[in-house]
Amino acid sequence: MACENNLVVKQIIDLYTQISNLESLKPSKNVDTLFGQLVSTCLPTDTDIDVTKIHDEKVKDMRSHLIKLCGEAEGYLEQHFSTIIGSFEDNPLNHLHIFPYYNNYLKLSKLEFDLLAQHTSHVPTKIAFIGSGPMPLTSIVLAKFHLPNTTIHNFDIDSEANTLASNLVSRDPDLSERMIFHTTDVLNAKEGLDQYDVVFLAALVGMDKESKVKAIEHLEKHMAPGAVLMLRSAHGLRAFLYPIVDSCDLKGFEVLTIYHPSDDVVNSVVIARKLGGLGEVRSSQIERCVVMPCNCSKIHAIMNSRGIKKNMIEEFTAIE
Ligand SMILES: C[S@@+](CC[C@H](N)C(=O)[O-])C[C@H]1O[C@@H](n2cnc3c(N)ncnc32)[C@H](O)[C@@H]1O
């Protein structure tokens, strides 16, 4: 059956119509309810919906506009809660649980850390997070729970986002030292990008294929050979919420894994390594032949034991 006749897609189109008619996308009971319904409609992974196979131009246009509306609403949500959490007298980092999607970030960052641990042979000393936002939860969770000795440089095009974000960590004795903020468009960040072992690219940086590829090409030009690029993508119905990153978008990189969660972690995770770092590429080839003692291999085991479709984890052989 054509995708556009699919009942779930019809529900998404109906929600899109209501969302696109909203006066404002700032948090309110109505906005929260509609986006909550949209996310739960797009969460199921037991569908064979492939948005790349949608031919109906109206549905394709709807999807690209919906992704932008979701990105705008996500920015307002982060701004709203960063302002509230940042207003606490004590350490705002004691109140992160107030953010409605905090648990999702705990799971997503753990997944990204496990995938990173599987594909790198040393703990990164410096990480760049591009598109960190007013609530830089990925950087905070990684720094607090997984990478206690790593410095994280957060880049955002919006100075207001960085003001709110740096206020969140300013009263934390540890993270105030290890979280640095830069206000710039990723496309203007040139010098210094080669000093990071790992670069994260937020899902909302590059909301359509063209701008996503432009950001990736820019990073490929300025990252160090052998450095790791972590991206967020989407799969199935979730591709109505976020742009998809395909392996063919990653010219100049060796795609190591594309991981599609089947729980309430919405984003898929793509991990790639910039070509040219011969030492790392060889070791990653060796690593891939050995099941690494990390949670990620447990994820593999759990998913295989539950008979979950193997294509949830796409391993790639190193490009010769
Ligand atoms: C809302 S945040 C989401 C990331 C989330 N806070 C996290 O921790 O994973 C995405 C941010 O990307 C920023 N952004 C969008 N396009 C960008 C660009 N071209 N360069 C730098 N930042 C960008 C937006 O200003 C926004 O604050």
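Calculation rules
- Residues numbered from 1 in each chain as written.
- Predicted model: local features only at pLDDT ≥ 70, side-chain atom pairs only at ≥ 80, totals over all residues.
- Helix = DSSP H or I, 4+ residues; strand = E, 2+ residues; numbered from the N terminus.
- Buried ≥ 20, exposed ≤ 12 C-beta atoms within 10 Å, placed from the backbone.
- Contact = placed C-beta atoms within 7 Å.
- Near = placed C-beta within 6 Å.
- Nonpolar A, V, L, I, M, F, W, Y, C, P; charged D, E, K, R; others polar.
- Domains from an automatic or database assignment.
- Pairing = 2+ DSSP bridges.

## Some remarks on the overall build of the protein
Phase 1 of the analysis: Helices and strands together make up the secondary structure of the protein, namely 10 helices and eight strands.
Phase 2 of the analysis: Across the 320 residues in the protein, those meeting the buried criterion constitute 38%.
Phase 3 of the analysis: Long-range contacts, defined as pairs at least 24 residues apart, comprise 77% of the intrachain contacts of the protein with a sequence gap of at least 6.

## Topic: the site of the ligand
Phase 1 of the analysis: Near the ligand lie 21 residues; those nearest to it are Gly131, Gly133, Thr138, Ile157 and Val186.
Phase 2 of the analysis: Of all elements in the fold, only α3 (57-86), α5 (137-146) and β2 (151-156) reach the threshold of two or more residues within the shell around the ligand.
Phase 3 of the analysis: Top contributing element to the shell around the ligand by residue count: α3, with three residues.
Phase 4 of the analysis: In terms of residue class, the shell around the ligand is made up of 11 nonpolar, five polar and five charged.
Phase 5 of the analysis: Both of domain 1 (3-94) and domain 2 (102-315) provide at least three residues apiece to the shell around the ligand.

## Overview of the pairing of strand β6 (residues 253-259)
Phase 1 of the analysis: In terms of burial, β6 is a largely internal element, six of the seven residues being buried.
Phase 2 of the analysis: Sheet topology note: the β6/strand β7 (residues 268-274) ladder contains six bridges and is antiparallel. Among the inter-strand pairings, Val255 is bridged to a residue of β7, identified as Ala272.

## A closer look at the domain arrangement of the protein
By a frequent convention, interface size equals the accessible area lost on bringing the separate parts together.
Phase 1 of the analysis: Partitioning the protein into domains gives domain 1 (3-94) and domain 2 (102-315).
Phase 2 of the analysis: Domain 1 puts 29 residues into the contact, and the matching count from domain 2 is 26 residues.
Phase 3 of the analysis: Elements represented by at least two residues in the side of domain 1 that touches domain 2 include exactly α1 (7-20), α2 (29-42) and α3.
Phase 4 of the analysis: Among the elements that make up the side of domain 1 that touches domain 2, the one with the highest residue count is α3 (16 residues).
Phase 5 of the analysis: Class assignment for the residues of the side of domain 1 that touches domain 2 results in 15 nonpolar, 10 polar and four charged.

## Brief notes about the environment of Ser109
Phase 1 of the analysis: Mapped onto the elements of the fold, Ser109 is located in helix α4 (residues 102-119).
Phase 2 of the analysis: For Ser109, a count of 23 C-beta atoms within 10 Å translates into the label buried.
Phase 3 of the analysis: Once the C-alpha coordinates of Ser109 and Val265 are considered, the two residues, 156 residues apart in sequence, prove to be 9.9 Å apart.
Phase 4 of the analysis: Those residues in contact with Ser109, other than ones at most four positions away along the chain, are Thr138, Val141, Leu142 and His146.

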